[in-house]
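So you can see what is in the structure, the chains are spelled out below.
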Amino acid sequence: MVMRVSFSVAVAGASGYAGGEVLRLLLNHPDVRIGALTAHSSAGDRLGVHQPHLPALADRVIEPTSAGTLAGHDVVVLALPHGASGELADALSAHAEGAGPLIIDCGADHRLISAEDWQRFYGSDHAGTWPYGMPELLTGSPEAAHRQREDLRGARRIAVPGCNATAVTLALQPGVAAEIIDPGDIVAALAVGYSGAGKSLKPHLLASEAAGNLQPYGVGGTHRHIPEIAQNLRSASNSAIAPRISFTPMLAPVSRGILATVTAPLTVGDANLVRQVWTEHWEHEPFVDLLPAGTWPSTAAVSGTNRATVQVALDSGAGGAHGRVVAMCALDNLGKGTAGAAIQSMNLALGLPETTGLPTTGVAP
Ligand SMILES: NC(=O)C1=CN([C@@H]2O[C@H](COP(=O)(O)OP(=O)(O)OC[C@H]3O[C@@H](n4cnc5c(N)ncnc54)[C@H](OP(=O)(O)O)[C@@H]3O)[C@@H](O)[C@H]2O)C=CC1
Ligand SMILES: CC(=O)N[C@@H](CCC(=O)OP(=O)(O)O)C(=O)O
């Protein structure tokens, strides 16, 4: 008989979208047991009121979020608004005996390396930088380049990437790493689902505004994921040219999903070489699939999964000596975009097989 170790996991923000998806994945994970469930205004409610799709946890009562409630677990997942997790993580570290729990932050507080970028895009003090929870990211010096998963093994703190940042990074990283695109002229346009905005009420999220509508937001170089994308592509690149990104997201009337279309000038005009670069870059990744030529990523096919699908094409008429690469990525913002990345990184940190408990099979139609 195989003896399995069971890790206790507490979830803060259990009433929200990201917290709900983390719990859905944890319920299907063979090596964890679910501990404290905490939130804010919903404290005292049954979880079933807020997460009706999780019947196994329906009668659990949501507790107020505090370091005392969360301490004592092997893992604490924070799925809280920006700014709330930095303070709580400090309190948890102070409260814990020894190394304390593995803390996984789904929010943005610990993603950026540059305190200046943080201040500029988030307008508050920087909480610090934690290991970045994107196992597929190319990182390290040119002599010691490796994928980020090596740095996540045994990590005690993990900053889960932003969902849009993940989609753009996975679309373009092969071309950046192989130095066949100009990173100084990247253009990204994204269609994004409404759950990315969280559950809190905002006028543009009302059904009467959202249904049958397409709405741009974060236009003109203002979106908070721009410095995160630049940080990722810089990590993957040996180029002396700093990544520069024009980034425009648009709300699409779907609950889940991101479809990112990313273009950049090519420095080679060979479509076969472009395809070979993308194929070789993603061929051993369990959750990133380069689709067969001529088929295109779609959000429905990856909904509810930890899978990202990628496609690449050469647009030779788009200007420049060699045209532009068109790289696309579809993922579920709550799957590979948040909760899936959190569990994938947790598996690495705990020494479990990376793919444990993570679905790649979706639902259709
Ligand atoms: N949604 C997505 O696709 C993605 C989300 N993220 C990040 O994950 C985090 C959670 O997002 P999401 O689930 O969408 O947001 P929601 O608005 O759906 O949920 C927020 C959760 O945080 C709780 N909360 C709010 N304020 C506080 C506070 N002051 N102290 C403790 N708990 C608090 C809420 O509790 P209550 O309901 O009881 O008030 C709720 O459980 C955010 O940082 C977000 O940026 C990252 C990538 C993608
Ligand atoms: C639709 C929508 O508003 N989506 C969010 C995605 C949020 C996300 O990825 O997370 P963080 O806020 O943790 O970075 C956005 O574009 O800001």
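The structure displayed is predicted, hence computed values, not measured ones.

1. Observations regarding the site of ligand 2
Move 1: Around ligand 2, the structure places 15 residues, and the nearest of them are Arg111, Cys163, Tyr217, His223 and His225.
Move 2: Contact distances for ligand 2 include 2.9 Å between an oxygen atom and a side-chain N or O atom of Asn164.
Move 3: Within the complex, the protein chains bury 86% of what would otherwise be the 430 Å² of accessible surface of ligand 2.
Move 4: With respect to the detected pockets, ligand 2 is housed in the largest pocket.

2. What to know about the site of ligand 1
Move 1: In the region of ligand 1, 28 residues are neighbours, and Ser15, Ala18, Ser41, Ser42 and Leu80 sit closest.
Move 2: Between ligand 1 and Ser15, the relevant distance is 2.6 Å, taken from an oxygen atom to a side-chain nitrogen or oxygen of the residue.
Move 3: In the environment of ligand 1, an oxygen atom lies 2.9 Å from a nitrogen or oxygen atom belonging to the backbone of Lys199.
Move 4: Expressed as a share of its isolated accessible area of 900 Å², the protein-covered part of ligand 1 is 82%.
Move 5: Under a 2 Å grid-point criterion requiring more than half of the atoms, the pocket assigned to ligand 1 is the largest pocket.
Move 6: At the level of secondary structure, the elements contributing two or more residues to the shell around ligand 1 comprise α1 (17-27) and α12 (335-350).
Move 7: Taken together, domain 1 (7-159 + 338-350) and domain 2 (164-331) each give at least three residues to the shell around ligand 1, which thus spans both.

3. Quick notes on the UniProt feature "active site" (unreviewed entry) in the chain
Move 1: The positions that UniProt labels "active site" (unreviewed entry) are, in the present scheme, Cys163.
Move 2: Take Cys163: it is sitting in helix α7 (residues 163-177).
Move 3: Apart from residues no more than four positions distant in its own chain, Cys163 is found in contact with His225, Ile258, Leu331, Asn333 and Gly337.

4. What to know about the side chain of Ser15
Move 1: Considering the arrangement of structural elements, one finds Ser15 in the loop between β1 (7-12) and α1.
Move 2: Polar contacts involving the side chain of Ser15 include one to the side chain of Ser42, which spans 3.3 Å.

5. Focus: the pattern of salt bridges
Move 1: In this structure the tally under the stated criterion is twelve salt bridges.
Move 2: Between Arg46 and Asp59 there is a salt bridge whose closest N-O contact spans 3.0 Å. Highlighted residues: Arg46 in the loop between β2 (32-39) and α2 (47-50) and Asp59 in the loop between α2 and β3 (63-64), separated in sequence by 13 residues.
Move 3: The residue Arg324 makes a salt bridge to Asp185 at a minimum N-O spacing of 3.1 Å.

6. Some thoughts on the pairing of strand β9 (residues 186-192)
Move 1: Covered by surrounding structure in β9 are Ile186, Ala188, Leu190 and Val192 only, the residues Val187, Ala189 and Ala191 on the alternate face being uncovered.
Move 2: Here β9 runs beside strand β11 (residues 245-251); their pairing, made up of seven bridges, is parallel. If you follow Ala191 over to β11, its bridge partner there is Met250.

7. Looking at the layout of surface pockets
Here the idea is plain: a probe the size of a water molecule rolls over the atoms and shows the empty space left.
Move 1: Volume-wise, the largest pocket comes out at about 1400 Å³.
Move 2: As for the largest pocket, its lining consists of 49 residues, of which Leu80, Pro81, Gly196, Ala197 and Gly198 are closest to the centre.
Move 3: Residue contributions to the lining of the largest pocket peak at three residues, all from α1.
Move 4: Across the lining of the largest pocket, the residue classes break down as 19 nonpolar, 26 polar and four charged.
Move 5: Among the domains, domain 1 (7-159 + 338-350) and domain 2 (164-331) are the pair contributing at least three residues each to the lining of the largest pocket.

8. Considerations on the packing of α1 against α12
Move 1: Between α1 and α12, the least distance of the axes is 8 Å, while the angle of their chain directions is 50 degrees. In terms of orientation, α1 lies oblique with respect to α12. Judged by the sense of rotation from one axis to the other, the crossing of α1 with α12 is right-handed. Facing α1, whose interface residues are Ala18, Glu21, Val22, Leu25 and Leu26, α12 presents Thr338, Ala339, Gly340, Ile343 and Met346.
Move 2: Residues of the contact of α1 with α12, tallied by class, amount to seven nonpolar, two polar and one charged.

9. What about the domain arrangement of the chain?
Move 1: In terms of domains, the chain is made up of domain 1 (7-159 + 338-350) and domain 2 (164-331).
Move 2: Computed over C-alpha atoms only, the centres of domain 1 and domain 2 are separated by 25 Å.
Move 3: Considering only the surface of domain 1 that becomes buried against domain 2, Tyr17, Phe121 and Leu138 emerge as the three largest contributors, covering 26% of it.
Move 4: Applying the counting criterion to the domain 1 and domain 2 interface returns four salt bridges.
Move 5: Inspection of the region where domain 1 meets domain 2 yields 19 residue pairs in polar contact (both at pLDDT 80 or more).

10. A word on the pairing of β2
Move 1: Among the eight residues in β2, seven count as buried, and that is most of the element.
Move 2: Pairing analysis gives five bridges linking β1 to β2, with the strands arranged parallel. Residue pairing across strands places Ala12 opposite Thr38, the latter belonging to β2.
Move 3: For the handedness criterion, the β-α-β arrangement of β1, α1 and β2 is classed as right-handed.
Move 4: Direction of pairing for β2 relative to β3: parallel, over a ladder of two bridges. Residue pairing across strands places Thr38 opposite Glu63, the latter belonging to β3.

The rules we used
Residues numbered from 1 in each chain as written. Chains lettered and ligands numbered in written order. Predicted model: local features only at pLDDT ≥ 70, side-chain atom pairs only at ≥ 80, totals over all residues. Heavy atoms only, no water. Near = heavy atom within 4 Å. Polar contact = N/O pair within 3.5 Å; in protein donor to acceptor, adjacent residues only side chain to side chain. Areas by Shrake-Rupley, 256 points an atom, 1.4 Å probe, with all protein chains shown as cover. 1 Å grid on protein atoms, 1.4 Å probe; cavity = no way out; pocket = protein on both sides within 12 Å on 5 of 7 lines; lining within 4 Å. Sits in = over half its atoms within 2 Å of the grid points. Helix = DSSP H or I, 4+ residues; strand = E, 2+ residues; numbered from the N terminus. Domains from an automatic or database assignment. UniProt positions renumbered as here; feature names shortened; annotations may be inferred. Contact = heavy atoms within 4.5 Å. Salt bridge = Lys/Arg side-chain N within 4 Å of Asp/Glu carboxyl O. Buried < 20%, exposed > 50% of the residue type's maximum accessible area, 1.4 Å probe, protein only. Pairing = 2+ DSSP bridges. Points joined across faces, edges and corners; volume = space filled by probe spheres on them. Nonpolar A, V, L, I, M, F, W, Y, C, P; charged D, E, K, R; others polar. Axes fitted to C-alpha atoms, helices over the stretch in contact; angles between N-to-C directions. Parallel < 35°, antiparallel > 145°, perpendicular 65-115°, else oblique. Left-handed = near helix turned anticlockwise from the far one by under 90°. Buried area = accessible area lost by both parts, 1.4 Å probe. Right-handed = clockwise from strand over helix to strand, strands pointing away.

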